[in-house]
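# What the coordinates show
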Amino acid sequence: MLLIKNGRVLDPSSRTDAALDVLIDGERIAKLGANLNAPDAEIFNAKGLIVGPGFIDLHCHLREPGQEVSETIETGTRAAARGGFTAVCCMPNTQPVNDRASVTRGIMERAAAVGSTRVWPIGAASTGSKGEALAEIAAMKDAGIVAVSDDGKPIATARLMRQVMDYCRDLDLPVIDHCEDSSLAAGGVMREGARSIRLGLQGIPSQSESICVGRDVEIGALTGARLHVAHMSTMKSLEYVRAAKKSGLRVTCEVTPHHFTLTDEDVRYDTSYKMNPPLASREDRDELIKGLADGSVDAIATDHAPHQPATKDVEFDRAPFGITGFETAFALGLNELVHTGRMSLMRLVELFTTGPGRVLGIERKLAPGEPADITIFSTDLAWTFRASESASKSRNTPFDGRSFKGGPMATIVAGRIVFRR
Ligand SMILES: [Zn+2]
Ligand SMILES: [Zn+2]
C-alpha cells in the first residue's frame, strides 16, 4: 500500500480542490480523506505539492518499431513519466506502420514489458498510411487501439475520410486528423509570412491547415463520426471547431505546448524550430490560448516527435519536422498559461487529464476503485530543463536550457511510482 499524505488534491472531474490524503492498494485507489492512516503503507509526503489524476498525452511518436535509433517504447515512456504522463497515445507512423492487429499487439506487448507508462496505440486509417485502402481498423480495435489516424500526413482525400468515418462511427473510435492540404503546403518549411520572407525560407500558408479542418468538419456532419483535430495551430481552424461544437457535432481538438508558447517570430536557422504544423502567428497563438482557457480546446498534447541528431543537424530545408515534448509540456503550461493568469490551475490540469480522457471516451478521476494513475506536481519549484539530461534518445527541442517555476514531481502508474524527482 502507498499513502500520499499532506498534499492538495485537485481533480477536475469532480471540481475537488482540498487537502486530502490518498491511499492506494495495489493497482487501485482505496480511499481519499483527511488525515488517513495506514500503518503498513509506504508514505509519500506530498507537503506543498498538488496531487492530480494521471496525465494523458493524446499524441506522440515512440518510433518503435523501426526507428529505434531516435526513440524506443522504453526511452520514450521513461521521458513521458518524467513529464508526469501516466498514459500516452502513440501515432502509427512507425516502420512497419501500425495498420494491422499484429503490429498493434507488438507495441502493446513491448509496452507491458518495458514501458514506464501505459501505452495506448493509435491505428492507421489507411494501409501503410498511403491514403488508398482502409487499414484493418476493426481487428486493431480488438487488439487495443484507441483511435485511428494517418498522422504525419492528413487522411488523403475527402472520399477516404468519409469511408474511415463511416467505419469508425460504427466502431465508436475517434478519427484523428493531421489537418493539412498537402498541395498548398508542398515545399514549405515554416509558416508563410513576414518572418519566412526575412529568413528566405519557403512558407506554408495557414489556410493549408484550416481548409482541411473545414473539410473534416463537413464530413463529420455527413457521417456523424467523432473527429479529433490534431495539433491545431490557427485561429481559423479554431473557428471551425467552435462552430462545429456549437452545432452539436462530435468534434474535439488539441493544441501543443510549442504552439501556445512560441510564434513564427521565434523561428531561426535552428532545426529545433522546424515542426509541422509550423509555429503560427502571434494572433493565432493568442486565440489558441483563449480557446484553451474557454473550453473550445479539449486537450494539450505534446506531438513528441524525436529525431536522432544526425537527421536534425542539417540545413533547415532538409531537416525532418518535429520536436520532443514530454518533459517540458506541463511546465510550459504552468509558466505560459497559469502563472501568467490566463487560466486557473484547475483548467490546466483538466487539459492534461479529464480533457484528453473525454476525447478517447476514457474516464480518469481520483476516487475509490479507480486505477491508481496519479501525477504529483509542484507549482513553484525552480528548475532548468537540460536536453542532455532527457530520458529521450533525441535532443531536438527549442526549450533546451529554459528555466521553469513548477513541474512534475512524481508519476504513479497503476499504484507504482515510475518517476520521482
Ligand atoms: Zn501531425
Ligand atoms: Zn504527430
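Higher on the page you've got the structure.
Residues numbered from 1 in each chain as written. Chains lettered and ligands numbered in written order. Predicted model: local features only at pLDDT ≥ 70, side-chain atom pairs only at ≥ 80, totals over all residues. Heavy atoms only, no water.

Taken in spatial order, the four strands of this open sheet run β5-β4-β1-β6, and their pairing is mixed. If you trace the sheet from one side to the other, it starts and ends with β5 (28–33) and β6 (42–45), each paired once. For this sheet, the mean angle separating the axes of adjacent strands, direction not counted, is 20°. Where strand β1 (residues 2–5) lies against β6, four bridges are found, and the strand directions are parallel. Along β6, the bridge assignment pairs Leu2 with Glu42. (Pairing = 2+ DSSP bridges. Helix = DSSP H or I, 4+ residues; strand = E, 2+ residues; numbered from the N terminus. Axes fitted to C-alpha atoms, helices over the stretch in contact; angles between N-to-C directions.)

So, on to the coordination of the zinc ion (ligand 2). At the metal site, the zinc ion (ligand 2) is ligated by His59 (NE2), His61 (NE2), Asp151 (OD) and Asp303 (OD), and these contacts range over 2.1 to 2.3 Å. Around the zinc ion (ligand 2), the four donor atoms are arranged such that angles at the metal cover 82 to 169°; this shape is classified as irregular. Sequence positions of the donors to the zinc ion (ligand 2) reduce to the motif H-x1-H-x89-D-x151-D. (Donors = N, O, S within 2.8 Å, 3.2 Å for Na, K, Ca; no water. Tetrahedral: all angles 85-135°; square planar, octahedral: opposite > 155°, others 65-115°.)

This part takes up the environment of Glu239. Here Glu239 shows up in helix α8 (residues 235–246). Relative accessible area serves as the criterion here: at 47%, Glu239 is assigned to the partly exposed category. Each C-alpha atom of the pair Glu239 and Pro65 lies 37 Å from the other, and the pair is 174 residues apart in sequence. (Buried < 20%, exposed > 50% of the residue type's maximum accessible area, 1.4 Å probe, protein only.)

With distances of 2.1 Å, the protein atoms coordinating the zinc ion (ligand 1) are Asp151 (OD), His178 (ND1) and His231 (NE2). Spacing between the donor residues of the zinc ion (ligand 1) along their common chain follows D-x26-H-x52-H. Between the zinc ion (ligand 1) and the zinc ion (ligand 2), both coordinated by Asp151, there is a metal-metal distance of 3.5 Å. You can see His178 sitting in the loop between β12 (175–177) and α5 (182–185) and its partner His231 sitting in the loop between β15 (227–229) and α8, a full 53 residues away along the chain. Judged by its relative accessible area of 2%, His231 is buried.

Summed over the entire model, instances satisfying the criterion amount to 27 salt bridges. Where Arg215 meets Asp216, a salt bridge forms, and the shortest distance between an N and an O atom there is 2.9 Å. In this structure, Arg215 and Asp216 share a single accessibility class: buried. Residues participating in the shared-partner salt-bridge network are Arg15, Arg347, Glu350 and Arg358. (Salt bridge = Lys/Arg side-chain N within 4 Å of Asp/Glu carboxyl O.)

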